[in-house]
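Architecture and fold: a report
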Amino acid sequence: MATQRTQTDDTSTALATARRQLERAAAETDVNEQVVERLKHPSKLLRVAVPLERDDGSVEVFEGYRAQHDDVRGPYKGGLRYHPHVTADECIGLSMWMTWKCAVIDIPFGGAKGGVVVDPTDLSPEEKERLTRRFAEEIRDFVGPTTDIPAPDMGTDAQTMAWFMDAYSMQEGETVPGVVTGKPRVIGGSYGREEAPGRSVAIVTRAAAEYYDVSLDGLRVAVQGYGSVGANAARCLDDWGADVVAVSDVNGAIHDPDGLDTWAVPSHEEEPEAVTTCDAPETISSSAILELDVDVLVPAAVGNVLTASNAPDVQADFVVEGANGPTTAAADEIFDERGVPVVPDILANAGGVAVSYFEWLQHINRHSWSAERVDEELESKMLSAWDAVVEAAEARDVTWRVAAYIVALSRIAEAKDTRGLWP
Ligand code: GLU
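Throughout, residues of each chain are indexed from 1 in the direction in which the sequence is written. Predicted model: local features are reported for residues with pLDDT of at least 70 only, side-chain atom pairs are reported and counted for 80 or more only, and whole-chain, interface and lining totals are derived from all residues. Computation of side-chain values covers all heavy atoms of the structure but excludes hydrogens and water.

We now examine the side chain of arginine 54. Numbering goes from the N terminus for both helices and strands, where a helix is a DSSP run of H or I of at least four residues and a strand is a run of E of at least two. Mapped onto the secondary structure, arginine 54 falls in the loop between β1 (44-53) and β2 (59-70). Any two residues whose heavy atoms approach within 4.5 Å at even a single point are treated as in contact. Excluding residues within four positions of it along the chain, arginine 54 makes contact with Glu60, Phe62, Asp122, Leu123, Glu127 and Arg130.

Here it is, written out as structure tokens:
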């Protein structure tokens, strides 16, 4: 379906993109307008000051947020991000994506996102711990194991969740592992949580390849970003027979038309920013990787990398979104006009929150699952979601993104209708 190309583009905020995607998808559904209007706004937004004593004894105050979008299907759920560009609007936009993500994969959570406006690479480990403990204290009344459950996101990790959980538990007077997910295993984390977003990107790439009747064996894939999502997606696809021909980090990309050994390239977690130090026939820029002639492009770094300026030059047969919000609304329209399918973030990287849900269940049941069980349940969740999205796409002749929104919105609207409006 061709739509009018819009002018605004590269400056899209996550919130602007999320609202435009919602409006576009809502136009294709019979979801009640009032429900759509409610879903354009977060139900709550908390802004806090987070004072931090630096290692030199000085005190600096950082800004923190937690946006709760919608909880009609269950507790708010979503990551905490430490990044200098965090804003209230970004948290709201990302919290909306979490609501759709949880609904598409049919887990009983709503959407939230939060963060602190800070460059985590400027913090010593001790400073990061103090900042996290104080942030946990500032948002303590807002979160809880049955109300709002944070998880890792950009700039935070399992250790950050451990500090958060400890700070929360100390004030509650009891250990509350269910207040966060993505914890280290030794304190109630799940097998497979770290790998899950990348693994789900790989599962969905394999399903899309099958759908388009192309073999995974020798499928040429380029992965932009070699952090937790990108490296795990690349390694899974490599293990399953695909040729990962290019990967990148902030310094640039390495390219080998015969396929790279993805296990030999260190991920950001293993050795930060080391991709271009690895042996490869060719080194290219981290923007040029987006325009390589490959079968599949996986943008798995940051938001807004596929824009009106480079979308016309993308040569991949299809795109699978590993990052949250890598494609601006204008780029999406260009891909639609050019017939380049884009498998959206709210489906592709939803494995992270799926395994967060498994972790939360394991805590409630006081029973830990094996790594094999986590992988099996993840595979089954992702494939059911993929089937639901395929059904919606074929029934309405819409893009993968609109189809995923249709699946999510209809589940959310049905829950809202069933519960009714209070009072
Ligand atoms: N931060 C991750 C995401 O964007 C996961 C959130 C979670 O597990 O709650 O999907």
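Convention adopted: a line fitted to C-alpha atoms gives each axis, helices being fitted over their contacting stretch, and angles between N-to-C directions are expressed from 0 to 180 degrees. Where helix α11 (residues 371-396) meets helix α12 (residues 400-419), the axes come as close as 8 Å, and the angle between the chain directions of the two elements is 110 degrees. In terms of axis orientation, α11 runs roughly perpendicular to α12. Across the interface between the two elements, Trp386, Ala388, Val389, Val390, Ala392, Ala393 and Arg396 from α11 touch Trp400, Ala403, Ala404, Ile406, Val407 and Arg411 from α12. Each residue is assigned to one of three groups, with Ala, Val, Leu, Ile, Met, Phe, Trp, Tyr, Cys and Pro labelled nonpolar, Asp, Glu, Lys and Arg labelled charged, and all others, Gly among them, labelled polar. A per-class count over the contact of α11 with α12 returns 11 nonpolar, no polar and 2 charged. For classification purposes, angles smaller than 35 degrees are called roughly parallel, those larger than 145 roughly antiparallel, those between 65 and 115 roughly perpendicular, and all remaining angles oblique.

The residues that make up patches have over 30% relative accessible area and no salt bridge, and they are joined within 9 Å when like-charged or within 5 Å when they are Val, Leu, Ile, Met, Phe, Trp or Tyr. We get accessible surface area from the Shrake-Rupley algorithm with a probe of 1.4 Å; when it comes to residues, only the shown protein chains can shield them. Whenever Lys or Arg places a side-chain nitrogen within 4 Å of a carboxyl oxygen from Asp or Glu, that contact is recorded as a salt bridge. Side chains of Tyr211, Tyr212 and Val214 sit close together on the surface and give an oily, nonpolar patch of about 240 Å² of accessible area. In this structure, tyrosine 211 sits in helix α6 (residues 196-211). Only protein chains enter the area calculation, which uses a 1.4 Å probe; residues under 20% of their type maximum are buried, those over 50% are exposed, and those in between are partly exposed. By relative accessible area, tyrosine 211 is classed as partly exposed at 36%.

A single heavy atom is enough: if one lies within 4 Å of a molecule or strand, its residue is considered near that molecule or strand. Around the ligand sit 14 residues in total, of which Lys77, Lys101, Lys113, Asp153 and Ser356 are the nearest. Think of a polar contact as two N or O atoms within 3.5 Å of one another; within protein, one of them needs to be a possible hydrogen donor and the other a possible acceptor, and neighboring residues in sequence only count if both atoms come from side chains. A distance of 2.7 Å is found between an oxygen atom of the ligand and a side-chain nitrogen or oxygen belonging to lysine 101. In this structure, an oxygen atom belonging to the ligand sits 3.0 Å away from a side-chain N or O atom of arginine 193. Going through the elements one at a time, β3 (76-83), α3 (88-104), β5 (148-152) and α10 (351-365) are the ones with two or more residues in the shell around the ligand.

Here a helix's expected span is defined as the number of its residues, less one, multiplied by 1.5 Å. With 26 residues, α11 ought to run about 38 Å at 1.5 Å a step, and its terminal C-alpha atoms sit 38 Å apart, in line with that. What α11 keeps buried is the set Val374, Leu378, Met382, Ala385, Trp386, Ala388, Val389, Val390, Ala392 and Ala393. Next to the buried residues of α11 lie α3, α6, β12 (342-343), α9 (345-348), α10 and α12. Once α11 finishes, aspartate 397 follows within two positions and takes phi at roughly 55 degrees, a positive value.

Once that is clear, we can look at the packing of aromatic side chains. Each Phe, Tyr or Trp ring, with Trp reduced to its six-membered ring, pairs with another whose centre is within 6.5 Å; inter-plane angles below 30 degrees give stacked pairs, above 60 give edge-to-face pairs, and intermediate values give tilted ones. This structure, assessed with the given rule, holds 12 aromatic pairs. Their ring planes at 90 degrees and their centres at 5.7 Å tell us that phenylalanine 109 and tyrosine 357 sit as a pair that is edge-to-face. Here phenylalanine 109 is found in the loop between α3 and β4 (110-117), whereas its partner tyrosine 357 is found in helix α10, with 248 residues between them in sequence. In this structure, phenylalanine 109 and tyrosine 357 share a single accessibility class: buried. Ring centres 5.0 Å apart and planes at 40 degrees place the aromatic pair tryptophan 386 and tryptophan 400 in the tilted group. In this pair, tryptophan 386 sits in helix α11 while tryptophan 400 sits in helix α12, placing the two residues 14 residues apart along the sequence. Judged by relative accessible area, tryptophan 386 falls into the buried class, the value being 6%. The class of tryptophan 400 is buried, set by a relative accessible area of 6%. Any Lys NZ or Arg CZ that is within 6 Å of a ring centre and within 35 degrees of that ring's normal is treated as a charge sitting over the ring. It is arginine 185 that lies over the ring of tyrosine 191; its NZ or CZ is 3.7 Å from the centre. Sitting over the ring of tryptophan 240, arginine 206 keeps its end group 4.6 Å from the ring centre.

Another aspect to go through is the environment of leucine 290. Of note, leucine 290 is situated in the loop between β9 (282-284) and β10 (296-299). Counting along the chain gives 44 residues from leucine 290 to alanine 246, while the straight-line C-alpha distance between them is 9.8 Å. Not counting residues up to four positions away in its chain, the partners in contact with leucine 290 are Gln224, Leu297, Val305, Leu306, Asn310 and Val314.

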